[in-house]
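Below, each chain spelled out in residue letters.
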There are 2 protein chains.
Amino acid sequence: MNKSQGAMSYDELRGAIAQRHRALSGRLQQIAEFVLDHPTDVALGTVAEVAQRSGVPPSAIVRFAHALGFGGFTEMQQVFRTRLVAGVAPSYKARLARMKSEEKSVLGRQPAAVLSRFVSEAQSSLVTLSQSVHARELDAATAILSKARDIYLLGLGGSFPVATHLAYVLRKLGRRVVLLDGTGGSIHEQSHAATVEDALVAISFRNYYPDTARLFPELVARGVPTISITDSLLSPIVEGAHVVFEIQDMPEPALRTLVAPMCLVQAMAIGLDLAAD
Amino acid sequence: MNKSQGAMSYDELRGAIAQRHRALSGRLQQIAEFVLDHPTDVALGTVAEVAQRSGVPPSAIVRFAHALGFGGFTEMQQVFRTRLVAGVAPSYKARLARMKSEEKSVLGRQPAAVLSRFVSEAQSSLVTLSQSVHARELDAATAILSKARDIYLLGLGGSFPVATHLAYVLRKLGRRVVLLDGTGGSIHEQSHAATVEDALVAISFRNYYPDTARLFPELVARGVPTISITDSLLSPIVEGAHVVFEIQDMPEPALRTLVAPMCLVQAMAIGLDLAAD
DNA sequence: GTGCGATTAGAATATTCATTCCATTTGTTA
DNA sequence: TAACAAATGGAATGAATATTCTAATCGCAC
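Owing to the predicted nature of the structure, the values given are computational and were not obtained by experimental measurement.

Rules used throughout
- Residues numbered from 1 in each chain as written.
- Chains lettered and ligands numbered in written order.
- Predicted model: local features only at pLDDT ≥ 70, side-chain atom pairs only at ≥ 80, totals over all residues.
- Heavy atoms only, no water.
- Near = heavy atom within 4 Å.
- Polar contact = N/O pair within 3.5 Å; in protein donor to acceptor, adjacent residues only side chain to side chain.
- Helix = DSSP H or I, 4+ residues; strand = E, 2+ residues; numbered from the N terminus.
- Expected span 1.5 Å × (residues − 1).
- Contact = heavy atoms within 4.5 Å.
- 1 Å grid on protein atoms, 1.4 Å probe; cavity = no way out; pocket = protein on both sides within 12 Å on 5 of 7 lines; lining within 4 Å.
- Points joined across faces, edges and corners; volume = space filled by probe spheres on them.
- Nonpolar A, V, L, I, M, F, W, Y, C, P; charged D, E, K, R; others polar.
- Buried area = accessible area lost by both parts, 1.4 Å probe.
- Salt bridge = Lys/Arg side-chain N within 4 Å of Asp/Glu carboxyl O.
- Phe/Tyr/Trp six-rings, centres within 6.5 Å; stacked < 30°, edge-to-face > 60°.
- Buried < 20%, exposed > 50% of the residue type's maximum accessible area, 1.4 Å probe, protein only.
- Lys NZ or Arg CZ within 6 Å of the ring centre and 35° of its normal.
- Pairing = 2+ DSSP bridges.
- Axes fitted to C-alpha atoms, helices over the stretch in contact; angles between N-to-C directions.

Near DNA strand C you find 15 residues, and of these A:V47, A:F73, B:R27, B:P57 and B:R63 are the closest. For DNA strand C, the backbone makes up 79% of the atoms found within 4 Å of the protein, where backbone means sugar plus phosphate. A distance of 2.7 Å separates a phosphate oxygen of DNA strand C from a polar backbone atom of A:V47. The side chain of B:S59 places a nitrogen or oxygen atom 3.3 Å from a base oxygen of DNA strand C. Looking at the surface near DNA strand C, the elements with two or more residues in it are α4 (47-54), α5 (58-67) and α6 (73-88) of chain A together with α2 (26-37) and α5 (58-67) of chain B. At three residues, α5(A) tops the list of elements feeding residues into the surface near DNA strand C.

Written out as structure tokens, the structure is:
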């Protein structure tokens, strides 16, 4: 055991759990993970409830509390409850003061200000996304993907993260994916097997990556059904595409967060999976 | 009595109490006032405790709950607890909205509904991000990066899009970046040149990619200054990290949108660039 | 003042709960 | 493989808790 746990803050407890995690035994580690992930459940639940949700016997929960130096579950629970109380308890005065100081620090400290700017920018880009994407286009896109044998993904440069994310999700869902990334040779070779039986998802934003602009028309000419995600109807991947998602107001390359296209491809993939049943 | 009180919000309950206050009897009015003034006590206390603090016998508390249409004190207490939960979970509202839309399962399967679900989930994850990331950590992270000669990026599996995005932005800003992707050989070889003069940004979420968990400790042991972005203090890339960004409530791999980490790395990179001037 | 219904307080009760204990299993060392 | 220590699961236990019941009190009309 260890020193008295009389007045411990929630954050201190988190630190203590993380520190001790390795030294704990299997069951206790499992509980540690659950407890850090579901602090609200611990704060409000009974031993039996927490035990059931974390998949361990009740006695293990009590042993876990003991291992952390508490007299029992109830004692440990008190710490988790302070977290809930702290969320609402600060009187209006204190909350106002906190916000004001946060505002000040945001103005003063550069990195935090940058983060809040990107967050609010991302927020508005999400709003724009849900307004500008229509059900008809999404339905058409999932129809194309559901008929495809292999799904080819073309997204280079700044759009590459979107392509890799879509590749990851589609593969998790059991789809056959070819990610055109140009490693070990030319992209042309990687895409050579694409036919009318397959499908292509192309992603490109200003300034449109040259290889993307070059390869896209070739695949379209070969009759590959195509879905484009881009920021302008004048982009090089619009002409010939069967479905076009236009995401407006993408900032310049270094400043764009990719939040909107990431969300879109995710919805496409999951929507495809759900529609398949 | 009155209608069923199945799912009542805290605000609705407050309204109901205020409305009925005049019709209640002396003792019950006294309890009503206490309860509105000390909602936290009611949420976390026992009948005996609430009774003592409000200066009434325990049975009066139960009668009060009955008078409001609840089956008993415990039932009424649930409503007061939702208030505490709402205080710490910014995603609470969004989650409720999502559940509501999920109820209509047929509609929930349509691609458009899927998109709006992901959008609202992304929104709440952004709120959580801006609340959980503190200026201190961001400052520490940019300090590490600004001193680094080369910046090594480690993010595999589902986190790879985040790593590639960070790589892209950092390179646009003129930083020297090594993206550890394992192409053409082992990741160990790619990371072999990392020294104490460099820096490492590691990104990993459940289930933690094995190669990441294996490589991370090696780089830490070699003294490379390290920034970790993960979803739990128990993840394998926390121990030894100089700065840890914990992004909670990441859904299961196929459903996570990566919106929060994408925003975070973007802010880190741009913040670094701005601070350098 | 008297009688009557509503209200109340406190004891009794039945339930739920945290905790402890012990038999069994698991992992480890010789 | 055998023996030992650590850890685990589940039942038993005793405390704490919400709820109910009943006798007493209060307020009020007549």
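For helix α2 (residues 26-37) of chain A, built from twelve residues, the straight-helix expectation of 16 Å at 1.5 Å per residue is met to within 8% by its first-to-last C-alpha distance of 17 Å. Among the structural elements, α1 (10-20), α3 (39-44), α4, α5 and α6 of chain A are those in contact with the buried residues of α2(A).

Our focus in this paragraph is the layout of surface pockets. Regions of empty space are outlined by a rolling probe, equal in size to a water molecule, passed over the atoms. Empty space within the second largest pocket amounts to approximately 1,100 Å³. Lining the second largest pocket are 48 residues, and of these A:F160, A:T164, B:F160, B:T164 and B:L179 lie nearest its centre. Those elements that provide at least two residues to the lining of the second largest pocket are α10 (160-172) and α12 (210-221) of chain A together with α11 (160-172) of chain B. At seven residues, α10(A) tops the list of elements feeding residues into the lining of the second largest pocket. A per-class count over the lining of the second largest pocket returns 22 nonpolar, 14 polar and twelve charged.

Taken together, the 62 residues of chain A in the interface contact 58 residues of chain B. Area buried by chain A at its contact with chain B is led by A:P111, A:L115 and A:Y168, which between them contribute 11% of it. Scanning the region where chain A abuts chain B turns up three salt bridges. At the boundary of chain A and chain B, one finds ten residue pairs in polar contact (both at pLDDT 80 or more). Counting residues per element, the side of chain A that touches chain B draws most heavily on helix α8 (residues 110-132) of chain A, at 13 residues. Partitioned by chemical class, the residues of the side of chain A that touches chain B number 36 nonpolar, 15 polar and eleven charged.

Attention shifts here to the packing of aromatic side chains. Counted according to the given criterion, the structure contains three aromatic pairs over all chains. Plain terms: the ring middles of A:Y10 and A:F80 are 5.6 Å apart, the flat faces sit at 65° to each other, and that makes the pair edge-to-face. One end of the pair, A:Y10, is in helix α1; the other, A:F80, is in helix α6, with 70 residues separating them in the sequence. Accessibility expressed as a relative area gives 11% for A:Y10, which makes it buried. Looking at A:F80, the relative accessible area reads 1%, which means it is buried. Between B:R83 and the ring centre of B:Y10, over which it is positioned, the NZ or CZ distance is 5.5 Å.

With that settled, the discussion passes to the sheet that holds strand β1 (residues 151-154) of chain B. Residues and elements named next belong to chain B. Spatially, the five strands line up as an open sheet ordered β2-β1-β3-β4-β5, and their pairing is parallel. The open sheet terminates on both sides in strands that have one partner only, identified here as β2 (177-180) and β5 (243-246). Taking the axes of each pair of neighbouring strands and ignoring which way they run, one obtains an average angle of 15° across the sheet. Both β1 and strand β3 (residues 199-204) contribute to a ladder of four bridges, which runs parallel. Across the sheet, I151 pairs through a bridge with A199, a residue of β3. Together, β1, β2 and β3 form the strand contacts of α11, whose direction differs from that of β2 by roughly 165°.

Applying the stated criterion across every chain, the model contains 13 salt bridges over all chains. The partner of A:D37 in a salt bridge is B:R206, with the nearest N and O atoms 2.9 Å apart. One end of the pair, A:D37, is in helix α2; the other, B:R206, is in the loop between β3 and α13 (210-221), on a second chain. By relative accessible area, which is 27% here, A:D37 ends up partly exposed. A residue is classified by how much of its surface remains accessible, and B:R206, at 28% relative accessible area, is partly exposed. Between A:R206 and A:D231 there is a salt bridge, with its nearest N and O atoms 3.7 Å apart.

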